[in-house]
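Observations on chain architecture
Chain by chain, the residues:
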Amino acid sequence: MRYYLIAGEASGDLHAAGLMKALKEHDKDACFRFYGGDMMKAQGGECVMHYRRLAYMGFVPVLLHLPTILRNMRRCKRDIEQWHPHVVILIDYPGFNLSIAKYVKAHTSIPVYYYISPKIWAWKEYRIQAIKRDVSHLFSILPFEVPFFEQKHHYPIHYVGNPTADEVALFRQSQHDALCFRKPVIALLAGSRRQEIKDNLPAMIQAVLPFLNEYDAVVAGAPSIEPAYYRRFVKQYPVKVVFGQTYPLLEQAQAAVVTSGTATLETALFGVPQVVCYKTPLPKLIAFLRRRLLKVKYISLVNLIADAEVVKELVADTFSVENIKDELQRILPKGEGREIMLQGYKTVQNRLGDVGAPQRAARLMVQLLRDRAHTTE
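A brief structural summary. Bear in mind that the values here come from a model prediction, so they are computed numbers and not experimental data.

**Things to note about the sheet that holds strand β6 (residues 137-140)**
Read across the sheet, seven strands follow the order β3-β2-β1-β4-β5-β6-β7 without closing on themselves; strand pairing throughout is parallel. Both edges of this open sheet fall to β3 (46-50) and β7 (158-159), since each of them pairs with a single strand only. Pairing geometry for β6 and β7, over two bridges, is parallel. If you follow F139 over to β7, its bridge partner there is H158. Helix α17 (residues 357-376) contacts β1 (2-7), β4 (87-91), β5 (112-115), β6 and β7 of the sheet and is inclined by roughly 170° relative to β5.

**Looking at the pairing of strand β2 (residues 31-36)**
Summarising burial for β2: five of the six residues are buried, a large majority. Across five bridges, the pairing between β1 and β2 is parallel. In the strand pairing of β2, I6 is matched with Y35. Handedness of the β1-helix α1 (residues 10-26)-β2 crossover: right-handed. Sheet topology places β2 next to β3; four bridges connect them, and they run parallel. Bridge pairing links Y35 to M49 in β3.

**Structural notes on the packing of helix α12 (residues 262-269) against helix α16 (residues 338-352)**
Contact pair α12 / α16: the axes reach a minimum separation of 9 Å and the direction vectors enclose 105°. Of the possible angle classes, the one that applies to α12 and α16 is roughly perpendicular. Taking contact as the criterion, the partners of L265, T267, A268 and L269 in α12 are, on α16, Y345, V348, Q349 and L352. Considered class by class, the residues forming the contact of α12 with α16 number six nonpolar, two polar and no charged.

**Quick word on the pattern of salt bridges**
Applying the stated rule across the entire model yields 15 salt bridges. Between E125 and K152 there is a salt bridge, with its nearest N and O atoms 2.8 Å apart. Highlighted residues: E125 in the loop between β5 and α6 (128-134) and K152 in helix α7 (residues 145-152), separated in sequence by 27 residues. You can call E125 buried: its relative accessible area is 12%. Ionic contacts of the salt-bridge type, sharing partners, join the residues E9, R193 and E196 into one network.

**Looking at helix α5 (residues 94-107)**
Spanning 14 residues, α5 covers 19 Å between terminal C-alpha atoms, matching the ideal 20 Å at 1.5 Å per step. Residues P94, F96, N97, L98, I100, A101 and V104 constitute the buried set of α5.

**Considering the side chain of S300**
Counting through the fold element by element, S300 comes out in the loop between α13 (283-293) and α14 (301-306). By relative accessible area, S300 is classed as buried at 0%. For S300, the side chain forms a polar contact with the side chain of E313, separated by 2.8 Å. Not counting residues within four places of it along the chain, the set of residues in contact with S300 comprises S260, T264, V276, V311 and E313.

**A word on the packing of helix α9 (residues 194-208) against helix α15 (residues 321-331)**
Each packed pair of helices is defined by two parameters, the angle between the axes and the distance between the axes. At a minimum axis separation of 8 Å, α9 and α15 run at an interaxial angle of 50°. As summarised for this structure, α9 and α15 are arranged oblique, according to the angle between their axes. Viewed along their axes, α9 and α15 form a crossing whose handedness is right-handed. From α9, A203, Q206, A207 and V208 reach across to α15, where they touch V321, I324, K325 and L328. Of the residues in the contact of α9 with α15, the class split is six nonpolar, one polar and one charged.

**Quick notes on the pairing of β5**
Of the two faces of β5, the one holding V112 and Y114 and the one holding Y113 and Y115 are both buried throughout. Sheet topology places β4 next to β5; four bridges connect them, and they run parallel. Directly across from V88, in β5, lies its bridge partner V112. Since β4 and β5 lie parallel, the crossover through α5 that links them has a hand, and here it is right-handed.

**Describing the state of the cysteines**
Counted by the stated rule, this structure contains zero disulfides. Residue C31 stays outside any disulfide, its sulfur separated by 14 Å from that of C47, the closest cysteine.

Parameters at a glance
Residues numbered from 1 in each chain as written. Predicted model: local features only at pLDDT ≥ 70, side-chain atom pairs only at ≥ 80, totals over all residues. Heavy atoms only, no water. Pairing = 2+ DSSP bridges. Helix = DSSP H or I, 4+ residues; strand = E, 2+ residues; numbered from the N terminus. Contact = heavy atoms within 4.5 Å. Axes fitted to C-alpha atoms, helices over the stretch in contact; angles between N-to-C directions. Buried < 20%, exposed > 50% of the residue type's maximum accessible area, 1.4 Å probe, protein only. Right-handed = clockwise from strand over helix to strand, strands pointing away. Parallel < 35°, antiparallel > 145°, perpendicular 65-115°, else oblique. Nonpolar A, V, L, I, M, F, W, Y, C, P; charged D, E, K, R; others polar. Salt bridge = Lys/Arg side-chain N within 4 Å of Asp/Glu carboxyl O. Expected span 1.5 Å × (residues − 1). Polar contact = N/O pair within 3.5 Å; in protein donor to acceptor, adjacent residues only side chain to side chain. Left-handed = near helix turned anticlockwise from the far one by under 90°. Disulfide = S-S within 2.5 Å.

As structure tokens, then:
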């Protein structure tokens, strides 16, 4: 069967690649065409556009690049119609992907599957109407999404487990070279987009400077960002940057400072105590709006899955160099908060369930498509 996949950022590329690998095992004739990245390319098929040309974040960058974004959307819609796949599989990236889903539903008979659902439980809950209308099947990777979609919105979904747990487990079981550092490591994971890095990395670096007599500070470089961009932030400090080595880095880290996102869950699954931080413009206003507009108590996946504050979240008005430094002190070895956090990580692992998410998703997708083919014959 022909599968058209759309991933708009690095984490989507990783998860989509795992799904493609599993789809090939369940469908020997699987053929892929996609918007994605290098990991998806490694699974075969044709990459129509790299996600580096799609990943714009924030109101101003999106506005500035709006003509490009709209042009990419039009190209994607035409390409889907011309190739006419058996299914379109969307991976997160809701601003772009929900527009594609709407078009596919309105202009074709191609089913739309959503793997890694939009986080409408946090905000933009109104998008449930578009999902109900345009998405044939939704495959969830977060256990708390099941009651949100099925009980609150009466929209049945498929919980398949979390692919990040698979990716971490596979890495830890594999043979790989260890990174070499002179001292124990504090990892800095500042996000995968330029804006996130620009906003968060300078404060992260300032916060770890007092610990550099005992620790090496190492930044996990995002695959879509060139090394020169990081040099502007680290050149005057004894801070290293490694690329394509996030998992080896976390495997050796004693603690981490992490922006919100999939990286918080990866860090927890490696058993690395962390501080979650995220700088915003107009912090007091954002904090006020967050209390009134955000639908959830937490921003990190770790806390959302545990439904408790396992990791400290320093966001908006609580984001500061001093707060990051103080919290880091609490979770480094001999810190009073370290063991409590590690115990909380066990709750997260238990709630995620068994590994095997890509396999379960692929097996179910192939079966649904075969059932659909039988009913339309």
